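Structural overview for review
Spelled out, the chains give:
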Amino acid sequence: RHSICSPIFYRYELLQKQLFQLEEAEGGIDLFTRSYRIFGVQRRPDNSLFFKEWAPAAEALFLTGDFNGWDKFSHPYSKTEFGKWELILPPKYDKSPAVDHNTKLKVVVHTKEGQRLYRISPWAKYVTREEKSVIYDWIHWDPPQPYIQIHPRPKKPTSLRIYEAHVGIASPEGKIASYTNFTINVLPRIKDLGYNCIQLMAIMEHAYYASFGYQITSFFAASSRYGTPDELKQMIDVAHSMGILVLLDVVHSHASKNTEDGLNRFDGSDSCFFHSPPRGEHSQWGSRLFNYSSWEVLRFLLSNLRWWMEEYCFDGFRFDGITSMLYHHHGIGTVFTGDYSEYFGLQVDEDSVVYLMLANHILHTFYPDCITVAEDVSGMPAVCRGVQEGGLGFDYRLAMAIPDKWIQILKELKDEDWDIGNIVYTLTNRRYGEKCIAYAESHDQALVGDKTLAFWLMDKEMYTNMSFLSPMTPIIDRGLQLHKMIRLLTHGLGGEGYLNFMGNEFGHPEWLDFPREGNNHSYHYARRQFNLVDMDHLRYCQLYAFDRDMNRTEDKYGWLAAPPAFVSAKHEEDKVIVFDRANVLFIFNFHHIKSFQDYRVAVELPGKYPFSSHLDSESARFSGIGCLSSQ
């Protein structure tokens, strides 16, 4: 049944049983997936507050904050088994909770070496930073009238069209945009474009904005730089009202090395949640690596997934950087050729593999419509096969070779020299039965030092010749046409889902660069210029319209949910690609000067194929010259 993975599958089954036995022994409730209700802070029915932490190396723990005038020793925790600490705060005389909503707290950790450390609870639900402060503060979030989400989750779509987005840059203004801005100004655009899913980046709290959300400090806290937890809940609720799912970009592959406002050295030891160095440190990312063999670490991460699903009503996750998790070498200095020896051997981190199996098992058991996406550059087999088959259980994997191929050929070749067969091979090279999400570019291709596809195609002329008031230049003309064709070819041929990074649908100019010391803390490139689409005299609106019609046409015919395409032609001399999928015939002419008349193509099913102007890249409404016949 799972001959290659059977030893790992056995470990998964054994660990699953042991964890459930542990949960039953600790109270008979489902702690396996609800650990967050027990750890951190929980308000009980009588308004007493129950605090619980896991700090196995600590000598003593105290709670301090605004509620006790920052007395460091007045409220000690009691130590229980297995490195756990508990504290109960009775309500005030008026029966209200002892800690007021929106006030500051700290955990004071006394180590066996005599150190006194001030820490944020790993289960903190909200952390903020004052304007001139470097360190984040733990804020007790318990609003008297919390936001209640009213719209149900949309059903899992058969065709997944993802809009990858970052709340902070979702504004033309040079500032950190808010959840409310996204709700009011961006969600309607996503709906209009025909995307049915949003992949939200940089939501889990991260102290360094320029890390793009990949150096997590507080795993249970939604980033306060965009607004409050209730404003995020409202944003997701409004998306659901539009029939749009929302995925969280979850980072369980590593954590920030921050100590005072992160997980690192929480109890004073160099391990706790992580492996001790050197195994517990990522040499390239400068971050800490989780110890997935620890039961408490597993429960922390699994309950973290359940927290985002239940508390915020996310619809699933894109798991970031799982290549680093899957292998002891973390993919560093490794070239994956597809040989099976690269995927099954001593270099595989079985603890991490078992964690990912458990995570997918939990999510799909409790939330049947949950969507999980794996970001894995190695191409490990069975990542998107069911856990019971010995797979990792993901629904989709990102087809990361596709954007790399587009960037490579744009960097190295003139379009008249493109290898048509190699392009088709890259777009179709995926394991049958493992769903892929295809994309021409994501945030990775927009980061500083690289360029968006639009900028690779048109470069500096985007600054001067994107207006209808100026003549169409050959570079702009060719760039606009290739931008549309690259995206449609990727959409139709590349996978069972499609992804676009915000702004790239209309050919966003320039790269993406967050404020940092190297750019004098500028927000100039940390924004999305949606205003360019709204200017009727600029050609960006035509690229926007093509992207919109591409998604709407897929919604009508459903090629993403259909079996892989039948490619009937990949003609090198003519630069022509022909394939059909979901009874839709796709014909691409990538030749830089030749047009063809009465061009004969093969089709999988006989019959008449009426011409559709909806996806005619040469249509005048998409900046073309209208040269195609409607017959």
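Residues numbered from 1 in each chain as written. Predicted model: local features only at pLDDT ≥ 70, side-chain atom pairs only at ≥ 80, totals over all residues. Heavy atoms only, no water.

1. Examining helix H9 (residues 420–428)
- Those residues of H9 lying buried are Ile420, Gly421, Ile423, Val424, Thr426 and Leu427.
- Looking at the buried positions of H9, the neighbouring elements they touch are helix H8 (401–412), helix H12 (474–493), strand E22 (566–571) and strand E23 (576–581).
- Where H9 begins, the capping side chain belongs to Asp419, and its oxygen is found 3.2 Å from the backbone nitrogen of Gly421. (Buried < 20%, exposed > 50% of the residue type's maximum accessible area, 1.4 Å probe, protein only. Helix = DSSP H or I, 4+ residues; strand = E, 2+ residues; numbered from the N terminus. Contact = heavy atoms within 4.5 Å. Polar contact = N/O pair within 3.5 Å; in protein donor to acceptor, adjacent residues only side chain to side chain.)

2. Notes on the pairing of strand E10 (residues 160–166)
- Among the 7 residues that make up E10, 7 are buried, leaving the element largely enclosed by the rest of the structure.
- Residues of E10 alternate between two faces, with Leu160, Ile162, Glu164 and His166 on one and Arg161, Tyr163 and Ala165 on the opposite face, all of them buried.
- Sheet topology places E10 next to strand E21 (residues 497–501); 5 bridges connect them, and they run parallel. Paired with Glu164 across the strands is Phe501, a residue of E21.
- Pairing geometry for E10 and strand E11 (residues 197–201), over 5 bridges, is parallel. Bridging from a neighbouring strand, Tyr163 pairs with Ile198 of E11.
- Between the parallel elements E10 and E11, the chain passes through helix H3 (residues 179–193) in a crossover that is right-handed. (Pairing = 2+ DSSP bridges. Right-handed = clockwise from strand over helix to strand, strands pointing away.)

3. As for unusual backbone geometry
- Here the bond from Pro277 into Pro278 is cis, since omega is 5 degrees, no more than 30 degrees from zero.
- For Pro278, the position within the fold is in the loop between strand E14 (245–250) and strand E15 (281–282).
- Phi at Trp70 is positive, roughly 60 degrees, even though this residue is not glycine.
- Note on placement: Trp70 falls in the loop between strand E3 (58–65) and strand E4 (78–79).
- Its identity is not glycine, yet Phe82 carries a phi of approximately 60 degrees, on the positive side.
- By the secondary structure assignment, Phe82 is in the loop between E4 and strand E5 (84–89).

4. Looking at helix H5 (residues 295–311)
- Taking 1.5 Å of rise per residue, 17 residues should cover 24 Å, and H5 covers 23 Å from first to last C-alpha, within 8% of that figure.
- Burial analysis of H5 places 14 of its 17 residues in the buried class, which makes it a mostly covered element.
- One or two residues past the end of H5 sits Cys313, with phi positive at roughly 60 degrees. (Expected span 1.5 Å × (residues − 1).)

5. As for the packing of H3 against helix H14 (residues 540–557)
- Closest axis-to-axis distance for the H3/H14 pair is 8 Å, and the angle between their directions is 60 degrees. In terms of orientation, H3 and H14 fall into the oblique class. Contacts between H3 and H14 pair Arg189, Asp192 and Leu193 from the former with Tyr544, Asp547, Arg548, Asn551 and Arg552 from the latter.
- Residues that form the contact of H3 with H14 fall into these classes: 2 nonpolar, 1 polar and 5 charged. (Axes fitted to C-alpha atoms, helices over the stretch in contact; angles between N-to-C directions. Parallel < 35°, antiparallel > 145°, perpendicular 65-115°, else oblique. Nonpolar A, V, L, I, M, F, W, Y, C, P; charged D, E, K, R; others polar.)

6. Details of the packing of H9 against H12
- Axis separation between H9 and H12 bottoms out at 9 Å; the angle between their running directions is 45 degrees. Judged by the inter-axis angle, H9 sits oblique to H12. The handedness of the crossing between H9 and H12 is right-handed. Here Ile423, Val424, Leu427 and Thr428 of H9 come into contact with H12, specifically with Leu489, Thr490 and Leu493.
- Class assignment of the residues belonging to the contact of H9 with H12 gives a composition of 5 nonpolar, 2 polar and no charged. (Left-handed = near helix turned anticlockwise from the far one by under 90°.)

7. Some points on the domain arrangement of the protein
- When its domains are assigned, the protein resolves into domain 1 (1–34 + 268–397), domain 2 (39–140), domain 3 (161–251), domain 4 (399–563) and domain 5 (566–622).
- Distance between the C-alpha centres of domain 2 and domain 3: 29 Å.
- Facing the 10 residues of domain 2 at the interface are 12 residues of domain 3.
- For the pair domain 2 and domain 3, the two sides together bury roughly 810 Å², of which 55% comes from carbon and sulfur.
- Among the residues of domain 2 in contact with domain 3, Tyr126, Val127 and Tyr136 are the three that bury the most area, contributing 53% of the side total.
- There are 0 salt bridges connecting domain 2 and domain 3.
- If you look at where domain 2 meets domain 3, you find 3 residue pairs in polar contact (both at pLDDT 80 or more).
- Here the side of domain 2 that touches domain 3 is built from residues that sort into 7 nonpolar, 1 polar and 2 charged. (Domains from an automatic or database assignment. Buried area = accessible area lost by both parts, 1.4 Å probe. Salt bridge = Lys/Arg side-chain N within 4 Å of Asp/Glu carboxyl O.)

8. Here we look at the packing of aromatic side chains
- What the rule picks out here adds up to 41 aromatic pairs.
- A centroid spacing of 4.9 Å and a plane angle of 85 degrees characterise the contact between Tyr209 and Phe514, whose relative ring orientation is edge-to-face. On the criterion of sequence distance, the pair formed by Tyr209 in the loop between strand E12 (204–206) and strand E13 (216–222) and Phe514 in the loop between E21 and helix H13 (531–534) is long-range, its members being 305 residues apart.
- Using a relative accessible area of 8% as the deciding quantity, one classes Tyr209 as buried.
- Taking the relative accessible area as the measure of exposure, Phe514 reaches 4% and is therefore buried. (Phe/Tyr/Trp six-rings, centres within 6.5 Å; stacked < 30°, edge-to-face > 60°.)

9. A closer look at the sheet that holds strand E19 (residues 396–398)
- What the 8 strands build is a closed barrel, ordered E10-E11-E14-E17-E18-E19-E20-E21; its pairing is parallel. When strand polarity is set aside, the average angle formed by the axes of neighbouring strands in this sheet is 30 degrees.
- When strand E18 (residues 371–374) meets E19, the two strands line up parallel, connected through 2 bridges. Looking at the pairing, Ala374 lines up with Arg397 of E19.

10. Observations regarding the pattern of salt bridges
- By the definition in use, this model includes 35 salt bridges.
- For Asp555, the salt bridge goes to Arg161, with nearest N and O atoms at 3.3 Å. With a gap of 394 residues between them, Asp555 in helix H14 and Arg161 in strand E10 connect regions that are remote in the sequence.
- Look at Arg161 and you get buried, because its relative accessible area is 4%.
- In this structure, the salt-bridge partner of Arg318 is Asp249, at a minimum N-O distance of 2.7 Å. On the criterion of sequence distance, the pair formed by Arg318 in strand E17 (residues 316–319) and Asp249 in strand E14 is long-range, its members being 69 residues apart.
- Classification of Arg318 by relative accessible area gives buried; the value is 1%.
- In this structure Asp249 comes out as buried when scored by relative accessible area, which is 3%.

11. Thoughts on empty space enclosed by the protein
- According to the stated counting rule, one finds 1 cavity of 30 Å³ or more in the structure shown.
- Estimates place the volume of the largest cavity at around 40 Å³.
- Along the walls of the largest cavity sit Glu164, Gln199, Arg318, Glu375, Leu398, Met400, Tyr439, Ser442, Asp444 and Leu499, which together make up its complete lining.
- Looking at side-chain class alone, the lining of the largest cavity contains 4 nonpolar, 2 polar and 4 charged residues. (1 Å grid on protein atoms, 1.4 Å probe; cavity = no way out; pocket = protein on both sides within 12 Å on 5 of 7 lines; lining within 4 Å. Points joined across faces, edges and corners; volume = space filled by probe spheres on them.)

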